[in-house]
Structure formats: structure tokens, C-alpha cells
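Geometric and topological summary
Residue-level listing of the chains:
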Amino acid sequence: MEAAPSIALHCPHPERIRTPDSACESVRAAVNAIIGSDSDGGTGGVSEAERRAIQLANFSNWEHEDARLLVYMRQIYIDVGLVERLPIDEDKLLSFLLRIYAGYNQVPFHNFRHCFMVTQMTYSIIWLGNLHAICSDSELVALLTAAVCHDLDHPGLSNYYQRLAATKIASSYSASPLESHHAATALAVLSDPACDILASLTAETRSGVEGAIQRLILATDMAHHAEILAEFEAAVEAGQFSLQDLSDCSADSRELLLRIVLKTADVSNEARPVATAERWIDCLLAEFFAEARLEQESDISPLPFMNPALVRKAVSQQQFIGGIVLPLSLALARVLPRTETDIVQPVKRQLEFYTRLVEDEEREAAVAEED
């Protein structure tokens with residue numbers, strides 16, 4: 001089991017957080033070894049049991065090496081049918097995924113493993129919602145690729161920091177600096193012929209897919225969360241989504257749904273078992289607290305939810321799950337009802353878990369005060 005990245009690696013200087021070439025080469029060799037082995041009775045090194053496991057919303061990354069997770073991501077493209085139908089050249093798919101691996105930095109939270117978990121939950125929702133039979137191949141490849149690339153080259157420092165520190169990323173984009181950077185970096189990777197998984201598409205279709213990838217990634221900016229969720233809920237109320245046949249929806253409505261799918265996947269750790277989610281919470285807080293220290297050193301006031309002097313983990317989680325994750329999951333379930341059992345109910349259990357912790361902490365504080 002691999003440990004979470006060390007907070008010592010968290011630094012605003014890009015050269016200090018890059019995934020080393022040696023690590024990339026090691027992972028490349030391990031991926032090729034896995035793909036070339038069918039001793040487990042599967043195909044491409046992935047057994048039938050593993051293929052079923054990565055469809056589940058409760059999947060955990062912590063038991064697997066990076067190379068295995070990369071192979072699973074490759075299998076996701078295959079099992080959705082994109083390699084065969086689009087088609088996607090398998091050598092280019094592997095080169096693309098290896099380049100993506102190299103493009104994620106060694107920061108506590110917004111790293112390759114987070115990329116995998118978001119992609120895997122996106123894949124799980126595709127199965128739960130039967131989206132592989134509803135959406136076009138162009139929509140599916142845009143959704144999966146947006147999930148894979150949604151935090152590409154994330155420096156572990158928020159948009160808040162980017163703007164106040166006037167970083168190169170902030171100066172390059174007028175809105176959603178990080179998300180715009182992730183999208184631009186993704187398109188740059190796709191422009192390399194060796195990594196061009198969209199090479200089979202016509203120029204017109206490709207332009208549409210690339211635009212959708214950009215819009216989907218931009219939708220992960222939490223600054224626009226309330227606006228996007230309200231737009232989706234209004235569309236549901238207006239009857240834009242037919243539960244009988246989502247393929248009858250307009251292309252704009254389906255893309256709005258895909259934005260909600262990706263946004264749900266992006267905060268989906270709270271739908272997973274506590275043992276899996278807790279490690280991710282600690283990674284996120286490590287990244288937040290590292291940013292807060294850096295900001296304090298630069299005379300920038302940290303955001304309250306990043307300030308270690310103010311954050312109470314249980315309270316923070318209760319507020320995040322109750323205010324963001326649960327409403328988002330409930331909205332998705334209105335259109336994709338099968339996510340109720342696999343995502344909404346686990347999220348409710350997590351909220352109950354943290355609510356009990358908060359209540360226990362408050363009782364203990366009250367007793368201590370009396371003493």
C-alpha cells in the first residue's frame with residue numbers, strides 16, 4: 001500500500017512537485033508488464049473480478065499501486081466501448097494515460113490518485129445510469145477524458161492563492177485560473193500525435209469533443225457550484241430529462257447532466273467507506289494547511305476552511321457533506337435513480353457519522369467547561 005504524498009513535497013515551485021522521470025519510467029515498465037500478463041484469466045492484465053470491482057461506487061484506491069490504477073483507467077475506456085467504436089488506437093491510449101500520469105504533481109490531494117478516483121466514480125455512474133447506452137461516443141469520451149484531466153498539473157494551491165499571489169496561472173486566465181489551466185494542458189496533451197486518442201474523429205466532431213472537455217472541466221470550479229446546481233435543478237423541474245429515455249433529451253441538457261456527473265464524481269470520496277474516505281480527508285486537509293502556512297508567510301490571510309487554527313475536522317466534514325455533497329447527489333439521483341442506493345445513501349451515512357462526532361465533541365466540551 002502506497003502512502004499519501006508527503007506534505008514536504010508541497011511547494012509552489014513547479015520543479016519541486018513534478019513527478020520524477022524515474023517514477024514515470026518505473027510506472028511505464030510496470031504497466032507494460034501488467035498488460036502483457038494474462039495469467040489472472042482476464043484480458044490485458046485485468047481479471048473479470050477486477051473489471052466488476054472498478055464499476056462499484058465503493059471502490060478504494062489505497063490497496064493498489066499506481067501502475068495498476070493506470071491499467072484500470074485503460075480498461076475503463078475499453079469497457080465503455082470507446083476503443084472499439086470510436087475507435088481509439090490502444091497504443092495512443094496507453095501513451096495518453098502515461099503522459100497524464102506524468103502531468104499530475106506530487107501534492108497531497110490533487111494528484112494522480114485523485115484523478116483515478118474521480119475517473120472511476122464517473123465510470124461507476126456511467127454504469128449505474130446506463131449512460132453508455134444513452135450518450136453518444138463523443139459525449140462519453142468527452143466525459144471520461146474530462147474526468148482523467150480535470151486537475152492536470154494542479155500545483156496544490158487554490159484559485160484563491162493563485163489570484164492573490166499573482167501567479168503565472170492566474171495571469172494567464174481571467175476566470176477559473178486552475179480549471180482553465182487543467183483544460184488547456186489536457187488539450188495540449190491531446191495535440192501530440194502519440195497521445196491523440198481523438199485522432200479518428202472528423203474535424204467537426206473533434207472540435208465538439210474538445211469544447212465539451214473544456215466546459216466539463218470548468219464546471220468543477222466550486223466558485224460556480226451553486227449556479228450550475230441551480231441550473232440543473234431548474235432543468236429537472238422543467239421536464240428536460242425524461243426518465244423513460246434520456247437519449248430524447250437535447251444535447252445541451254445531456255451535457256448539463258454530464259457536468260453534474262463529473263461534479264458528483266469530483267467530491268465522491270464521501271460516498272465511499274469511511275476507511276477510504278478518511279485518508280482522502282487527511283490528504284485534503286494537509287494540502288489546505290500547507291497552503292495556509294504559505295499564505296501566512298506571504299502575509300495573505302488564509303481562507304477559514306484552510307486555516308488549521310480554525311478547522312475542526314468533524315464540523316468541516318459535516319458542513320461540506322450537508323451543504324455540497326448531499327444536495328449534489330440528491331439532484332443527480334432525480335435523473336439517474338440507481339445512484340440513490342450506491343451514492344446518496346452512503347453519503348447520508350457519512351453525514352450521520354460526522355454529525356454524531358460533532359455532537360460528541362460538543363458534549364465533551366460542555367462537560368469540560370462545567371469542570
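Numbering of residues starts from 1 in each chain and follows the order in which that chain's sequence is written. Local features are withheld for residues below a pLDDT of 70 in this predicted model, meaning they are given only at 70 or higher, and side-chain atom pairs are given and counted only at 80 or more; totals for whole chains, interfaces and linings count all residues. Side-chain metrics in this entry use all non-hydrogen atoms of the structure; hydrogen atoms and water are not considered.

1. Some remarks on the overall build of the protein chain
Comment: elements are numbered from the N terminus, with helices defined as DSSP H or I runs of at least four residues and strands as E runs of at least two. A tally of regular secondary structure across the protein chain gives 18 helices and 0 strands. Each radius of gyration reported is based on C-alpha atoms, and the globular scaling rule is 2.2 Å times the count of residues to the power 0.38. Computed over C-alpha atoms, the radius of gyration of the protein chain comes to 21 Å, within 12% of the 21 Å expected from 2.2 N^0.38 for 371 residues, which places it in the range of a compact globule. Once the C-alpha set of the protein chain is aligned to its principal axes, its extents read approximately 70 × 50 × 45 Å. Accessible area is worked out with a 1.4 Å probe on protein chains only. A residue is then buried under 20% of its type maximum, exposed over 50%, and partly exposed in between. Within the span of the protein chain, comprising 371 residues, buried residues form 53% of the whole. Throughout, a contact is declared for two residues whenever any of their heavy atoms are within 4.5 Å. Put simply, of all contacts in the protein chain between residues at least 6 apart along the chain, 76% involve residues at least 24 apart.

2. Overview of the packing of aromatic side chains
Centre distance within 6.5 Å is the pairing criterion for rings of Phe, Tyr and Trp, where only the six-membered ring of Trp is used; planes under 30 degrees apart are then read as stacked, over 60 as edge-to-face, and the remainder as tilted. For the structure shown, the criterion picks out 9 aromatic pairs. When the centroid spacing of 5.4 Å and the interplanar angle of 70 degrees are considered together, the rings of F288 and F305 count as edge-to-face. Highlighted residues: F288 in helix α16 (residues 274-297) and F305 in the loop between α16 and α17 (313-335), separated in sequence by 17 residues. A residue is classified by how much of its surface remains accessible, and F288, at 16% relative accessible area, is buried. Owing to a relative accessible area of 43%, F305 belongs among the partly exposed residues under this scheme. An aromatic cluster of at least three residues, connected via ring pairs, comprises F59, Y72 and F116.

3. Quick look at the UniProt feature "binding site: Zn(2+) 2" (unreviewed entry) in the protein chain
Following the UniProt record, one finds the feature "binding site: Zn(2+) 2" (unreviewed entry) at D151. Inspection of the secondary structure puts D151 in the loop between α9 (137-149) and α10 (159-164). Every residue in contact with D151, bar those within four places of it in the chain, is listed here: Y104, H110, H114, H182 and D266. UniProt positions are given in the numbering used here, feature names are shortened, and annotations may be inferred rather than shown by experiment.

4. Observations concerning the environment of T202
The residue T202 is located in the loop between α12 (177-190) and α13 (203-218) in this model. As used in this structure description, the phrase polar contact means that two N or O atoms lie within 3.5 Å; if the pair is within protein, one of them must be able to donate a hydrogen and the other to accept it, and residues adjacent in sequence are counted only when both atoms belong to side chains. Polar contacts involving the side chain of T202 include one to the side chain of T205, which spans 2.9 Å.

5. Looking at the nonpolar core
One broad trend across soluble globular proteins is that nonpolar side chains are buried collectively. Of all hydrophobic cores here, the largest spans 112 residues; its most connected members are Y77 and F96. Here Y77 is in contact with L82, V83, I88, L93, F96, L97, V141, L144, T145, V148 and I197, once residues within four sequence places are set aside. Here the nonpolar core consists of buried residues drawn from Ala, Val, Leu, Ile, Met, Phe, Trp, Tyr and Cys, with membership extended through side-chain atoms lying within 4.5 Å.

6. Points about the confidence of the model for the protein chain
For every residue, the predictor reports its confidence as pLDDT, a number between 0 and 100. Residues at a pLDDT of 70 or more form 95% of the protein chain, whose mean pLDDT is 93. Taken together, the stretch residues 1-11 has pLDDT below 50 and engages in 34 contacts with residues farther than four places along the chain or on a different chain.

7. Points about the side chain of T276
Positionally, T276 belongs in helix α16. Its relative accessible area of 5% is what places T276 among the buried residues. Once residues lying within four places of it in the same chain are set aside, the contact partners of T276 are F59, S60, N61, W62 and M117.

8. Structural notes on helix α4 (residues 66-79)
In a regular helix each residue adds 1.5 Å, so 14 residues correspond to 20 Å; α4 covers 20 Å between its end C-alpha atoms and thus fits that length. Where burial is concerned, most of α4 is hidden: 12 out of the 14 residues are buried. All of the buried residues in α4 are D66, A67, L69, L70, V71, Y72, M73, R74, Q75, I76, Y77 and D79. Among the structural elements, α2 (21-35), α3 (48-53), α5 (82-85), α6 (90-103), α7 (112-128) and α9 are those in contact with the buried residues of α4. Directly after α4, the chain includes G81, whose backbone phi takes a positive value near 100 degrees. A helix is expected to reach a length of 1.5 Å times the quantity of its residues less one.

9. Details of the packing of α4 against α9
Closest axis-to-axis distance for the α4/α9 pair is 11 Å, and the angle between their directions is 170 degrees. Between α4 and α9, the angle falls in the class roughly antiparallel. Residues M73, I76 and Y77 of α4 form the contact with α9, whose participating residues are V141, L144, T145 and V148. For the contact of α4 with α9, the class distribution of residues is 6 nonpolar, 1 polar and no charged. Only the stretch in contact is used when fitting a helix axis, every axis being a line fitted to C-alpha atoms; angles between N-to-C directions are given from 0 to 180 degrees. Each angle gets one of four labels, with under 35 degrees taken as roughly parallel, over 145 as roughly antiparallel, 65 to 115 as roughly perpendicular, and the rest as oblique. Gly counts as polar in this scheme, as do all residues outside two lists: the nonpolar Ala, Val, Leu, Ile, Met, Phe, Trp, Tyr, Cys and Pro, and the charged Asp, Glu, Lys and Arg.

10. Remarks on unusual backbone geometry
Cis geometry is adopted by the peptide bond preceding P87, which originates at L86 and carries an omega value of -15 degrees. Along the chain, P87 falls in the loop between α5 and α6. The phi dihedral of A166 is positive, around 50 degrees, even though this residue is not glycine. Residue placement: A166 occurs in the loop between α10 and α11 (168-172).

11. What to know about the pattern of salt bridges
A carboxyl oxygen of Asp or Glu within 4 Å of a side-chain nitrogen of Lys or Arg is what we treat as a salt bridge. Counted under the stated rule, the structure contains 19 salt bridges. One salt bridge in this structure joins R74 and E90, with 2.8 Å as the shortest N-O distance. Of this pair, R74 sits in helix α4 while E90 sits in helix α6, and the two are 16 residues apart along the sequence. Measuring nitrogen to oxygen at the nearest pair gives 3.0 Å for the salt bridge that ties E278 to K313. One end of the pair, E278, is in helix α16; the other, K313, is in helix α17, with 35 residues separating them in the sequence. On the basis of relative accessible area, K313 is assigned to the partly exposed category, the value being 27%. One connected set of salt bridges, linked through shared partners, spans E48, R51 and D79.

12. Here we look at α2
Helix length check: α2 (15 residues) gives 21 Å between terminal C-alpha atoms against 21 Å at 1.5 Å per residue, within 8%. When we look at burial in α2, the residues that qualify are C24, V27, V31, I34 and I35. Buried residues of α2 fall within an arc of 90 degrees about the axis and therefore sit on the same side. Turned more than 90 degrees off the buried face of α2, the exposed positions are D21, S22 and A33. On its buried face, α2 is in contact with α4 and α6. Note that the arc is defined by the directions from the helix axis to the C-beta atoms.

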